[in-house]
Each structure stands twice: as C-alpha cells, then as structure tokens.
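Coordinate analysis (summary)
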Amino acid sequence: MNPLAAVRTAVAFEKARAAGRAALVGYLPAGFPTVDGATTAIRTMIDAGADIVEVGFPYSDPVMDGPVIQRATEAALAGGIHLADLMRTVEAVSTAGAPVLVMTYWNPVERYGVARFARDLANAGGAGLITPDLIPDEADEWLAASDDHELDRVFLVAPSSGQQRMAMTAQACRGFVYAASVMGVTGARATVSDAAPVLVEQVRSLCDQPVAVGLGVTNGEQAAQVAAYADGVIVGSALVRCLLDAPDLSSGLTALGALSRDLAAGVAAR
Amino acid sequence: MSAQGDWEHRLGHFGRYGGRFVPEALIAALDQLDEAYRKASGDPAFTEEFGRLLREYANCPSPLYLAERLSARAGARILLKREDLNHTGAHKVRNVLGQALLTKRMGKPRIIAETGAGQHGVASATAAALFDLECVVYMGEEDTRRQALNVTRMELLGARVISVTTGSRTLKDAINEALRDWVTNVDTTHYLLGTAAGPHPFPTMVRQFVSGIGVEARQQCLAAIGGLPDAVCACVGGGSNAIGAFHAFIPDPGVRLFGFEAGGEGVETGRHAASITGGAVGVLHGARTYLLQDADGQTIESHSISAGLDYPAVGPEHALLNDQGRAAYEPVTDAEAMEAFGLLCRTEGIIPAIESSHAVAGALRIVPRLAEELGREPTIVICLSGRGDKDVDTAGRYFGMLS
Ligand SMILES: Cc1ncc(COP(=O)(O)O)c(C=O)c1O
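This is a predicted model, so every value here is computed, not measured.

**A few points about the sheet that holds strand β9 (residues 231–236) of chain B**
Residues and elements named next belong to chain B. If you trace the 6 strands from one edge of the open sheet to the other, you get β3-β4-β14-β9-β10-β13, paired in mixed fashion. For this open sheet the edge positions go to β3 (64–66) and β13 (327–333), each flanked by a neighbour on one side alone. Taking each pair of neighbouring strands and ignoring which way they run, the sheet shows an average axis angle of 30°. Pairing analysis gives 7 bridges linking strand β10 (residues 256–264) to β13, with the strands arranged parallel. Each bridged residue has a counterpart across the sheet, and for F260 the counterpart in β13 is E330.

**Remarks on the site of the ligand**
All names here are of chain B. Residues in contact with the ligand amount to 18 residues; listed here are only the nearest, T195, G237, G239, S240 and S385. At a separation of 2.7 Å, an oxygen atom of the ligand approaches a polar backbone atom of G237. Against a free-state accessible area of 390 Å², the protein chains account for coverage of 97% of the ligand. At the level of elements, β9 and α12 (240–246) are the ones that each hand at least two residues to the shell around the ligand.

**A few points about the sheet that holds strand β6 (residues 134–140) of chain B**
Residue and element names in this part refer to chain B. What the 4 strands build is an open sheet, ordered β7-β6-β5-β8; its pairing is parallel. With one partner strand each, in any of the chains shown, β7 (160–164) and β8 (189–191) form the two edges of the open sheet. When strand polarity is set aside, the average angle formed by the axes of neighbouring strands in this sheet is 25°. For strand β5 (residues 110–115) and β6, the ladder comprises 6 bridges, and the chain directions are parallel. Across the sheet, residue T115 finds its bridge partner in β6, namely M139.

**What to know about the interface of chain B and chain A**
Tallying the contact residues gives 35 residues for chain B and 35 residues for chain A. For the pairing of chain B and chain A, the buried interface totals around 2,800 Å² over both sides, and the portion due to carbon and sulfur atoms is 48%. Among the residues of chain B in contact with chain A, E24(B), R180(B) and D296(B) are the three that bury the most area, contributing 25% of the side total. One can count 3 salt bridges joining chain B with chain A. Mapped onto the side of chain B that touches chain A, the elements with two or more residues apiece are β2 (17–21), α2 (27–41), α9 (171–185), β11 (280–284) and β12 (286–291) of chain B.

So, how was this worked out
Residues numbered from 1 in each chain as written. Chains lettered and ligands numbered in written order. Predicted model: local features only at pLDDT ≥ 70, side-chain atom pairs only at ≥ 80, totals over all residues. Heavy atoms only, no water. Pairing = 2+ DSSP bridges. Helix = DSSP H or I, 4+ residues; strand = E, 2+ residues; numbered from the N terminus. Axes fitted to C-alpha atoms, helices over the stretch in contact; angles between N-to-C directions. Near = heavy atom within 4 Å. Polar contact = N/O pair within 3.5 Å; in protein donor to acceptor, adjacent residues only side chain to side chain. Areas by Shrake-Rupley, 256 points an atom, 1.4 Å probe, with all protein chains shown as cover. Contact = heavy atoms within 4.5 Å. Buried area = accessible area lost by both parts, 1.4 Å probe. Salt bridge = Lys/Arg side-chain N within 4 Å of Asp/Glu carboxyl O.

Right, here's the structure in full:
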C-alpha cells in the first residue's frame, strides 16, 4: 500500500519512547521559500533530529494560523504552489527517515477528491493527514479513504472540547492525537500553556494513542518542559521563522538546523 | 417539526451543505451558541423583547411600498420591501439585535464582527452601544477605503475598526481575522456573524432573526392586494436578506424565488462574485456550500462594485434551494445594477444600496419571462435590503458626477 514510507508515525513515537524521550514533530510549509527550498529545509530538519514532519499545504484562508505561518504560506501561494507540488514534496522527503504527514485545511482535499487525495498521498509515501478544520463529525469520507489507504489521520482536541468530544475525537485519530493546548492561532509564545498538562492527561485517560502538544513552543527549554508530560512536541512558527528571517536560503537552513538540534536536545532532556 | 427540520436542527446541515468545518477549539462556543439560541427561541420573554426592539428601535415592520412609477416602467406590479427604512439603513439590524440579545444572555461582554460594505459593522456597533458591549469590527483595508463614511459611523458609535491587510483585503479576509480573534477570545467574545453563512448554528439562527422580512412581506402583500406575489426577488451576498425574504414563501408553490448574485464585470470575465452561478461546491468559513475556487481549492477573489456582495461564497441554505430548484439564482453585472440604481433614484426618489440595486435589476430582467409564463402582468416583491447613503461616493464617481 505504502511502499515508500520508511517509518510510520506509530513507529516513530515508539522509538522515541523506547529512548526515554518525547518525539519532535516539526512543521514547515511546502513551497516556501520555493518547492525545492522547502524540500531541502524539511530534510535539514529531519537530519537535525525531527522525528516526524508535518508538511503544510498553503491555503488562501488559513484561519488557524498566526502571522508567521501566514507570511510564509502567502509567499508560497504567490510563488504558485499547487497540490502536485505538495505531492512532489512529500515524495522527495518521505525516505529521509521520518514519517511525513500533510497538514492542510480541508477544502483543497475536498476539491482534489478525498479518495484521490488519499491514494496519491499514499503513493507519494505520505504517512497521513492532519486536518485542523475538519472534525470527525464531518469526516466520513476521509475516515473511509484513510482506512482504504492505511493513512494516519490526526484530528485536534482543544482545552474546551469536553470529555465526550475528546473521547470521540481521540478514537477517530490514528497515529497520534494533536492537543492544541492554547486557545488561539499558531504562533511562537513566550510561555508554554498551563492548560497543556491537564489536556494531555485527559486525552491519555481516554485512549492509548500518543498525544502531541502544539502551539507556541519556541526553543529547546520549552520543548523540554512540554516533553516532560507529552509524547510529542509540535513546533511550527519558530521553525518557519528561521527561514522567514534569513537573508537567503543557506543562512535560513543554518538557523533551522541549529534550532532543530536545540529542540531535539530539549525533547530528550525531559 | 418535520423530519427534515429535525435533522437540520440537530446536525446543522441543509442536504449535503452546511455543517461545521471549523477548528475543534470553536466547537464548544458553537454548541453554547446553539443552546442559547434554542432556549431563547422557545422563551416568550426573548421573543417579546426582540419584537419590541424591532418595533420601537429598528422601525420594523418595514413598509411594503407599491412603487407605481417603477411598476409602469417595468410592466409589472412592483412592491418594494423597504428594509432601507430600518434603523441603520439595512436589513442587517434585525440579525444584529437578535444576536446582541443572545450575547447578553450568554453573559459575554464583547462582540466582534466582520463587515464588507460597513452596514453590518454599523449595525453591530449600534447594538453594542445599545447593549453596552465592547465591539471590534474587522474590515478589509480595501473596503475601509470604499466605505470610509461607515468607518466613521462605527467609530462614532464607540466601536474599534481594525483594517485587515491580509489576503485580498476584503470581506473574506475580515471573516478570517474575526475567526482568529474568536478562537483566541472565545470565553469572553461572541462572533456576531453578519450573514446566513458560516458554521452551524449561524445559517439557521441568522435566517430566523431576519425571517421577519418575508413574514411581514407576505402578510402585507395579502393585505394590500389580497393575494401572494408571483415572485420574490433579493440580492445575494452571503444570503441573509435573501433567505429572510424567501423563507416565509418557501411553502407557497405559486411564489417564485429569485436570488441575484453579483455578476461584477460579467461571469465570463472571471471578475465577479456569483458563487452559485460561477462557483463550485467546497468548504469555506465553516460550511460546505458553493464558492469561487481554483483547481487546488484555493478561494478566488471576488469582484463587485458593491462591497456587501463582494464575497466568494454563499450561505448553505441557498446552495440547497438552488439544487432543489426551489429558488433560482442569476448574476447581475455591475453595469446592470448601476442602471437600476439610477432608475430607482429618478422614478421613485429612493436612493438604494448598490447591493439592493442588483435585486431591482434582476426583477426588471425577469418581468417579460414571468409575464409570458403567466399570461398577465406579474406582481413582484423586491427586497430593498438597504439604502444608498453609503454608496453616494461610488455612484457619484460611476456616473461621472464626482471625480
Ligand atoms: C444593503 C445590503 N444588502 C445586502 C447585503 C448582502 O448581504 P446578505 O446577502 O447577507 O443580505 C449587504 C451586506 O453588507 C447590504 O449592506
């Protein structure tokens, strides 16, 4: 079904757990600064210690994203990124040693065709899909397609979710459960949320899947704090910022590598 | 309630349309809103208070006016539902008063709103002043220029207007910004969405709050002419005035329903806002519906001379009414709308909103068709959704009176 995928998501979490650490989950958008530049950046992140990657598909109306990711994805859209480029990016990084999940708003998937998207993602070696604006209640077609193609499917839970929804959502997930610990959009934050440990505990009591915490982590120290209670630490904006702030790609990659190593040390230092 | 109605109420779907395509972090707030709305709609105290505000504050019911000179020009009996005479100048005030009352009931001290033309922003700022709520209005930078007068009106009313500089800098981006604010401040904040779109319960709830348009028009029509009209016409942006005008007439098989979308420079040019005529089914701003999108599912920027119709999607109930054939949707170009705008000014002494002018233009277009079908002069109700004070600058430039 999925011949190119070197490592599955569950295996990556298992490996981290066996090593006594949390998994580092790094996000970068496809197409930024260019399609090839993003591919190199994702490989750099994996080489520097990311256990799992989320490849974002830039979207015209990213309501969950803060200013940093918006700037990068707007630039990628202006550069003419298409779904074919996303599939190409996934294919190019799928054998780099980390499972590759696509993170996308729902409309591009629906437009492409849910079954077709699942098939092409699996063929490209993708491990699955993270869907920030698709709740399991609306996901029948994706639940079926992800089963057909043995893809992981990651839904989000929030501090406001309540016991019943949290259980339903966690049960619909495969791969891991994404705990969006801060009520708000993506973006680096000075302090890590207090709600996160409670949220992780709640989800753990409802399922036996790994729980990864997202939204806000900027450095190794914060990563270590989150790694103390979560199975995975998700980092997005801080990594994207390395590429945004750099005068050119090579210095961006240097900064990205350094931050990834710092974060990887953080998740191991819990 | 019918089985269909039950199903819609529980799941918030209109056939395959509608639903909730939003971040999980908003689901609790949508559930809370749905519960507050359902409790309120069954509570006579709420209904009474809402009714009193509409009557004494908003100047509703708005008159149904037989436009004789326009009728003579059109070859039809034309009745204008005068939502332009409502307080703040458009149908939007009905929805805003309903949601502001709910905000109070939910105990939230802050509302946020998006606005295109500024009409919904002004109505929201008005209700915020009346109910002592903090109010932030998101408005695309492009629209703050097109509708500068309304920005000042909102500020006079005590609201803070935030100019949105992301994306296409119009209504859709203002909605994105409002959603980002909401997800961050959901405990204290109600998102007072301005049209019958978005995630459940907004399409159902907003329709309910504006449905007085059609309920009143139906009664007024029966009283005035002893029968129902042959057609009801409305412009369609997000779809609130249209669903409000249509809803009471849906069970009347003899009443045709026409929604007129903004055809901009012409649907064939790609520069338009006709989501049903020129779009495809997808998901935007929380609901499955028709929208303007490219092959990758990216939203295509809409274009219309009218800021209030300049939106690339449409409320989900219209998507269903279209598929069922119960309502017909057609595009009206900028040029057609402006011609109707000028005509209404000079035949009736009414300066309409450019949004509403699309409904007038569409109604004039369908007269010959209806007359032939019926074998007589048709009777048409047009929802005149708003007044044109805000559009004087745009119209003055369009007609070369201002430069
Ligand atoms: C006067 C008027 N009519 C119509 C509209 C379009 O909105 P809707 O389709 O929700 O009625 C607007 C929106 O701003 C408006 O101001």
